[in-house]
Amino acid sequence: PLVSTGELVTKARAKGRGIAAFNVITLEHAEAIALGAERAGSPAILQISENAVKFHGGRLSAVAAAAAAVARASSVPLSLHLDHVESVELLRAAHPEGFSSVMFDASKLSYADNVKATAEAVRWAHERDIWIEAELGKVGGKEGEPPLDAHAPGVRTDPAEAAAYVRDTGVDALAVAVGSSHAMTERTAVLDHTLIAALRDAVPVPLVLHGSSGVPDEEIRRAVASGMVKINVGTALSTAFTGAVRGYLEAAHPTVVDPRKYLAPAREAMAGTVERFLGVLRA
Ligand code: G3H
Ligand code: ZN
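The paragraphs below set out a description of the structure included in this document. Computed from a predicted structure; not experimentally measured.

Examining unusual backbone geometry
For step 1, the next point in the chain: Despite not being glycine, Asp-129 shows a phi value in the positive range, around 65°.
For step 2, the next point in the chain: Along the chain, the position of Asp-129 falls in the loop between helix H6 (111–127) and strand E6 (131–136).
For step 3, the next point in the chain: Classification of Asp-129 as exposed rests on a count of 10 C-beta atoms within 10 Å.
For step 4, the next point in the chain: Positive phi is not limited to glycine here, since Ala-183 has a value of about 65°.
For step 5, the next point in the chain: Mapping Ala-183 onto the fold places it in the loop between strand E7 (173–176) and helix H8 (193–202).
For step 6, the next point in the chain: Ala-183 sits in the partly exposed class, given 16 other C-beta atoms within 10 Å.

A few points about the nonpolar core
For step 1, the next point in the chain: Residues Ala-20, Ile-33, Leu-46, Ala-67, Val-102 and Leu-174 are the most contacted members of the largest nonpolar core, which totals 88 residues.
For step 2, the next point in the chain: The dominant element in this core, judged by the number of residues it contributes, is helix H11 (residues 259–282), at eight residues.

Side note on the environment of Ala-162
For step 1, the next point in the chain: Within the secondary structure layout, Ala-162 lies in helix H7 (residues 159–169).
For step 2, the next point in the chain: With 21 C-beta atoms counted inside 10 Å, the residue Ala-162 sits in the buried group.
For step 3, the next point in the chain: For the pair formed by Ala-162 and Glu-135, sequence separation is 27 residues and the distance between their alpha carbons is 9.5 Å.

Overview of the pairing of strand E3 (residues 44–49)
On a regular strand, each side chain points to the face opposite its neighbour's, so the side chains alternate between the two faces of the sheet.
For step 1, the next point in the chain: Across the six residues that make up E3, a large majority, six, are buried.
For step 2, the next point in the chain: Burial along E3 is two-sided: Ala-44, Leu-46 and Ile-48 facing one way and Ile-45, Gln-47 and Ser-49 facing the other are all buried.
For step 3, the next point in the chain: Taken together, the three bridges between strand E2 (residues 19–23) and E3 define a ladder with parallel strand orientation. Looking at E3, one finds that Asn-23 is bridged to Gln-47.
For step 4, the next point in the chain: In this region the chain leaves E2, passes through helix H2 (residues 27–40) and returns to the parallel neighbour E3; the handedness of that crossover is right-handed.

Quick notes on the environment of Asn-51
For step 1, the next point in the chain: Mapping Asn-51 onto the fold places it in helix H3 (residues 50–55).
For step 2, the next point in the chain: With near-sequence residues (within four places) excluded, Asn-51 lies in contact with His-84 and Glu-143.

Topic: the site of ligand 1
For step 1, the next point in the chain: Close to ligand 1 lie 16 residues; His-210, Ser-213, Asn-232, Gly-234 and Thr-235 are nearest.
For step 2, the next point in the chain: Within the residue set of the shell around ligand 1, elements represented by two or more residues are strand E4 (78–85), strand E9 (228–233) and helix H10 (235–250).
For step 3, the next point in the chain: Taken together, the residues of the shell around ligand 1 break down into four nonpolar, 11 polar and one charged.

What counts, and where the lines are drawn
Residues numbered from 1 in each chain as written. Chains lettered and ligands numbered in written order. Predicted model: local features only at pLDDT ≥ 70, side-chain atom pairs only at ≥ 80, totals over all residues. Helix = DSSP H or I, 4+ residues; strand = E, 2+ residues; numbered from the N terminus. Buried ≥ 20, exposed ≤ 12 C-beta atoms within 10 Å, placed from the backbone. Core = buried A, V, L, I, M, F, W, Y, C linked by C-beta atoms within 7 Å. Pairing = 2+ DSSP bridges. Right-handed = clockwise from strand over helix to strand, strands pointing away. Contact = placed C-beta atoms within 7 Å. Near = placed C-beta within 6 Å. Nonpolar A, V, L, I, M, F, W, Y, C, P; charged D, E, K, R; others polar.

These figures capture arrangement, not role.
Take a look at the structure:
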């Protein structure tokens, strides 16, 4: 069934567990997430990023309706989240499309401007019962952005600033920069677990780990143990999808034209990745 993100995050947090959020680009992504979640017997969040909406020509309803339909038909609880929204116009479009949550990303702005823009977004969201996440610090590595040194000063989230930020914006969850980076294709990120615990103690809301594709299993487990709740995974699905398509096309199928021939193994590979991440969060 389609449930709300707030409910999934609250339940996971109460159990001291992590809840995974996977990025949806194509219909096959949504199907694979549902399949992997059903196999794992775990709930999950389907998230559509502003970049994915742009890829589909800005037609938010088309992607959202497909993902929501897949979620409604699933035997495990799934929710729909709009991810990395920088445009206020897109934020406002989330409401009629079945999204129970959004991440408003003003992390590129100065601290003062981030607080101002996010507080406004929070007011808008809460009037509509939408759960809202925001980012303080810079996770970096998003599409179209220069790579960021995750260890550079000013990049990581400061606990005292985080406390003030959550108080002044009223956000429901906080995405923090603790050593991970977006779009990593190798799982070599090293997280600052002392910082995660300090952030958990400093803010009353659940913490969100972005760029989890590059984080090794054991680091994810430790991050959840030290207070991370929502675990965002995107690139690992791209790696699975593209690897399967490449493997199929290179493996002696020079005459194939029906996309279902290679989309089926791509979807299956993504489902396997989803199941594996959910297994890490259950262990
Ligand atoms: O918001 C989405 C996530 O942070 C995904 O990051 O693609 O590096 O796994 P990733
Ligand atoms: Zn992210």
